[in-house]
Amino acid sequence: MKDKKYSVAAETFDDPMRSGVAWYRAGEFEKAVQAFARVRSPESAYNRGNAWMLLGKYDKAIASYQEAIEQRPDWKEANDNLNIAEARQKMTDAPGGDMGDQRLGADKIVFDKKKSNDGQDTEVAGSRATTDANVQAIWLRQVQTQPADFLKSKFAYQQALRSEEPSP
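Criteria and thresholds
Residues numbered from 1 in each chain as written. Predicted model: local features only at pLDDT ≥ 70, side-chain atom pairs only at ≥ 80, totals over all residues. Heavy atoms only, no water. pLDDT = per-residue confidence, 0-100. Contact = heavy atoms within 4.5 Å. Helix = DSSP H or I, 4+ residues; strand = E, 2+ residues; numbered from the N terminus. Polar contact = N/O pair within 3.5 Å; in protein donor to acceptor, adjacent residues only side chain to side chain. Phe/Tyr/Trp six-rings, centres within 6.5 Å; stacked < 30°, edge-to-face > 60°. Lys NZ or Arg CZ within 6 Å of the ring centre and 35° of its normal.

Caption draft 1: Quick peek at the confidence of the model for the protein chain. On average, residues of the protein chain score 77 in pLDDT, and 61% of them are at 70 or above. Across residues 98-102, confidence stays below pLDDT 50; counting only partners more than four residues off in sequence or on other chains, it has zero contacts.

Caption draft 2: Broad picture of the side chain of Asn50. As for its position among the elements, Asn50 is in helix α4 (residues 42-55). Within the structure, the side chain of Asn50 is placed 2.6 Å from the side chain of Tyr65, a separation counted as a polar contact. A polar contact is formed between the side chain of Asn50 and the side chain of Asn81, at a distance of 2.9 Å.

Caption draft 3: Focus on the packing of aromatic side chains. According to the stated counting rule, one finds three aromatic pairs in the structure shown. Ring centres 5.9 Å apart and planes at 55° place the aromatic pair Tyr46 and Tyr65 in the tilted group. Here the residue Tyr46 occupies a position in helix α4, and Tyr65 occupies one in helix α5 (residues 58-71), the gap between them amounting to 19 residues. Site record: aromatic cluster; members linked through ring pairs are Tyr46, Tyr65 and Trp75. The lysine or arginine in question, Arg72, covers the ring of Trp75, its NZ or CZ lying 4.0 Å from the ring centre.

Quick look at the structure:
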């Protein structure tokens, strides 16, 4: 951990909480959730909530924060993060937030009967089929929040990594 080799540290630790913190710092949030789930404590629930939040799984983050608050009702950070998770979930549920299951179709299908063969055949090599720009575009379409929210979470995560001993 001191050398910032978080993945190696996560696999080395026997304690699930330490392993979870290492996975979290490595950016492996799903593995962090799995490690924190092996412990029943308000801290593990809080840390699970933080990892779910960074994965964009706000419903699971809310449930984790609520579990932490049930065990420690006066925990300010857990209450603050619960409010943030609820606000983000509402933003993703807002109209226009996700256009994935709209059922609008074409007004009319028209076939071009005067098809000309003026096109050009293009070959795409297997390794060059998907450019970095295409991969980034696909990835950005899968982001569940607004870009500003994503960047805010990313920068907060990076800032936490820079501090000496941030709590995940």
